Amino acid sequence: MMDFNQYSVEELRKLNKDLIDHLRLRRQRESQKYMDRFDLNDQVSFADDGRIIEGKIIRFNQKTVTVCTDNSHWRVSPEFLSKVVTTNVVKPVIEITEQTIAPGRNSPCPCGSGKKSKRCCFR
């Protein structure tokens, strides 16, 4: 245990300032450690008043992360975030055989996208 009576008021003030600066630095390192788990545009979730909110990371701040949801922006401490596991949607592969007739430019694409054949993502 330290005997604070041996220090002057100025020395105690400097010690206090140094301690506060050290604690801030430690807190920033902790936050950074949590932030390093995420990247921009990651889908994340967090709890607010018992409900789960999902959104996308759009910005890293000094101590918080800005998460964009459908109708608002949230500044959340990264320790409360968890990644949302998304399943990749696989587009169906169309088997092309000799009997397949190439569609016209303005007819609907056979992939089922609803786009015209000339504008389809598969062409």
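Predicted, not measured: the structure shown is a model, and the values here were computed from it.

Cut-offs and rules
- Residues numbered from 1 in each chain as written.
- Predicted model: local features only at pLDDT ≥ 70, side-chain atom pairs only at ≥ 80, totals over all residues.
- Heavy atoms only, no water.
- Core = buried A, V, L, I, M, F, W, Y, C linked by side-chain atoms within 4.5 Å.
- Buried < 20%, exposed > 50% of the residue type's maximum accessible area, 1.4 Å probe, protein only.
- Helix = DSSP H or I, 4+ residues; strand = E, 2+ residues; numbered from the N terminus.
- Contact = heavy atoms within 4.5 Å.
- Polar contact = N/O pair within 3.5 Å; in protein donor to acceptor, adjacent residues only side chain to side chain.
- Pairing = 2+ DSSP bridges.
- Salt bridge = Lys/Arg side-chain N within 4 Å of Asp/Glu carboxyl O.

Caption draft 1: Just the nonpolar core, in detail. Among the nonpolar cores identified, the biggest contains 10 residues, and these are Met35, Phe38, Val44, Phe46, Ile53, Ile57, Val65, Val67, Val76 and Leu81. At the level of secondary structure, the elements contributing two or more residues to this core comprise β1 (43-48), β2 (51-60) and β3 (65-68). Setting aside residues up to four positions removed in sequence, Val76 forms contacts with Phe46, Thr64, Val65, Val67 and Leu81.

Caption draft 2: Layout of the side chain of Thr64. Note on placement: Thr64 falls in the loop between β2 and β3. Residue classification places Thr64 among the buried residues on the basis of a relative accessible area of 17%. Side chain to side chain, Thr64 and Arg75 meet in a polar contact 3.4 Å long. Leave out the neighbours within four places in its chain, and Thr64 touches Met35, Arg75, Val76, Ser77 and Pro78.

Caption draft 3: Expanded view of the pairing of β1. Note: β1 against β2, 6 bridges, orientation antiparallel. Its bridge partner being in β2, Ser45 is matched across the sheet by Glu54.

Caption draft 4: Structural context of the pairing of strand β4 (residues 73-76). Here β3 pairs with β4 via 4 bridges, running antiparallel. Each bridged residue has a counterpart across the sheet, and for Thr66 the counterpart in β4 is Arg75.

Caption draft 5: Structural context of the sheet that holds β2. Spatial ordering of the open sheet is given by β4-β3-β2-β1-β5, a layout of 5 strands whose pairing is antiparallel. For this open sheet the edge positions go to β4 and β5 (82-83), each flanked by a neighbour on one side alone.

Caption draft 6: The pattern of salt bridges, seen in detail. For the structure on display, the rule yields 7 salt bridges. Measuring nitrogen to oxygen at the nearest pair gives 3.9 Å for the salt bridge that ties Asp21 to Arg24. Of this pair, Asp21 and Arg24 are both found in helix α1 (residues 9-35), 3 residues apart, which corresponds to roughly one turn of the helix. A residue is classified by how much of its surface remains accessible, and Asp21, at 32% relative accessible area, is partly exposed. We note a salt bridge from Lys33 to Glu30, for which the minimum N-O separation is 3.6 Å. Here Lys33 pairs with Glu30, and both are found in helix α1, just 3 residues apart, close to one helical turn. Overall, Glu30 belongs to the partly exposed group, its relative accessible area being 38%.

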